[in-house]
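Summary of the model geometry
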Amino acid sequence: MIREATVTDIDRITEIYSDAVLNGTASYELEPPALAEMRVRYDTLRAGGFPYLVAVDGSGAVLGYAYAGPFRTRPAYRFIVEDSVYVAPEAKGRGVGIELMRALIEAVRQLGFRQLVAVIGDGSPGSASVRLHEKLGFCHCGRLQGSGYKHDRWLDTVFMQLELNGGISREPDAHSLPERKFRQGV
């Protein structure tokens, strides 16, 4: 089941992200952030109206999480958001990531954003994140070679993009979240 994340999920979200930082290459952080920092990040995204979702099993245990947040802070970027998705080690390969991303894409679409971007830390063609985003219709739109160094190797960053709500073929929707926030000076 996919649902909105709550403050009570932050402990488990922190555990999942800590594993990704320590053992993976999706994040370029080298030290896992503390629970307090993860709470600040969660609160900031939620205060901005951005979607933050968790996947839970039948007992309610959090198996993974996904969120969208600002791609860049300058106002002309207001119609584009960046996704993040992390799955607990024991839940990988069970379809959790794709279900989280499907729900996240729909949430972002409902808010009126025009582009969803993935900035993938391990941009190798066979990486799980690249394959996941390809399955969901994201197209490759850029690569930064050797942009990170982690676990004793150089990593490429891949940019992938999914057009939503007519993309650039339509004028901004005055009722969309990004346009309302811009007009209110938020």
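Below: a short report on this structure. Each residue is numbered by its place in its chain's sequence as written, counting from 1. Given that this is a predicted model, residues contribute local features only at a pLDDT of at least 70 and side-chain atom pairs are listed and counted only at 80 or more, while totals for whole chains, interfaces and linings are drawn from all residues. The basis for the side-chain values is all heavy atoms of the structure; hydrogens and waters are excluded.

Remark: nonpolar core denotes a set of buried residues (Ala, Val, Leu, Ile, Met, Phe, Trp, Tyr, Cys) joined through side-chain atoms within 4.5 Å. Relative accessibility decides the category of a residue: with a 1.4 Å probe and only protein chains considered, values under 20% of the type maximum give buried, values over 50% give exposed, and everything between is partly exposed. Counting 47 residues, the largest nonpolar core has Ile13, Tyr65, Met101, Ile105, Val108, Leu116 and Phe138 as the members making the most contacts within it. Sorting elements by how many residues they give to this core places helix H3 (residues 96–111) first, with seven residues. Apart from residues no more than four positions distant in its own chain, Val108 is found in contact with Pro51, Ala68, Val81, Phe113, Leu116, Leu164 and Asn165. We count a stretch as a helix when DSSP gives it H or I for four or more residues in a row; a strand needs E for two or more, and each element gets its number in order from the N terminus. Two residues form a contact once any of their heavy atoms are found within 4.5 Å.

Moving on to the packing of H3 against helix H4 (residues 128–135). Fitted lines through C-alpha atoms serve as axes, helices being fitted only where they are in contact, and the angles separating the N-to-C directions of these axes extend from 0 to 180 degrees. Interaxial distance between H3 and H4 falls to 10 Å at its minimum, and their mutual angle equals 50 degrees. With respect to H4, the element H3 is oriented oblique. The interaxial crossing formed by H3 with H4 has right-handed handedness. Each of Gly97, Ile98 and Met101 in H3 lies in contact with H4, whose residues at this interface are Leu132, His133 and Lys135. For the contact of H3 with H4, the per-class residue count stands at three nonpolar, two polar and one charged. Here is the rule for angles: anything less than 35 degrees is roughly parallel, anything more than 145 is roughly antiparallel, 65 through 115 is roughly perpendicular, and the remaining ranges are oblique. Left-handed is the label given to a crossing in which the near helix is rotated counterclockwise from the far helix by less than a right angle, and right-handed is the label when the rotation is clockwise. Three classes are used: nonpolar for Ala, Val, Leu, Ile, Met, Phe, Trp, Tyr, Cys and Pro, charged for Asp, Glu, Lys and Arg, and polar for all others, with Gly counted as polar.

Pairs were defined over the aromatic rings of Phe, Tyr and Trp, the Trp ring being its six-membered one, requiring ring centres within 6.5 Å. Orientation was assigned from the angle between planes: stacked under 30 degrees, edge-to-face over 60, tilted for the rest. Tallying each qualifying case throughout the model produces nine aromatic pairs. Where Tyr17 meets Tyr86, the ring centres are 5.1 Å apart and the plane angle is 85 degrees; that geometry is what we call edge-to-face. Pair noted here: Tyr17 is in helix H1 (residues 10–23) and Tyr86 is in strand S4 (residues 80–87), with a separation of 69 residues, a long-range link. There is no split in this pair, since Tyr17 and Tyr86 are both buried. Taking the centre distance of 6.0 Å and the plane angle of 10 degrees together, the rings of Tyr52 and Tyr65 count as stacked. Highlighted residues: Tyr52 in strand S2 (residues 52–56) and Tyr65 in strand S3 (residues 62–70), separated in sequence by 13 residues. Given the relative accessible area of 3%, Tyr52 is considered buried. Since its relative accessible area comes to 1%, Tyr65 is described here as buried. An aromatic cluster is present here, built from Tyr17, Tyr42, Tyr52, Tyr65, Tyr67 and Tyr86 joined pairwise through their rings. In this analysis the charged atom, NZ for Lys or CZ for Arg, is taken to sit over a ring once it is within 6 Å of the ring centre and within 35 degrees of the ring normal. Cation over ring: Arg72 sits above Phe71, and NZ or CZ is 4.3 Å from the ring centre.

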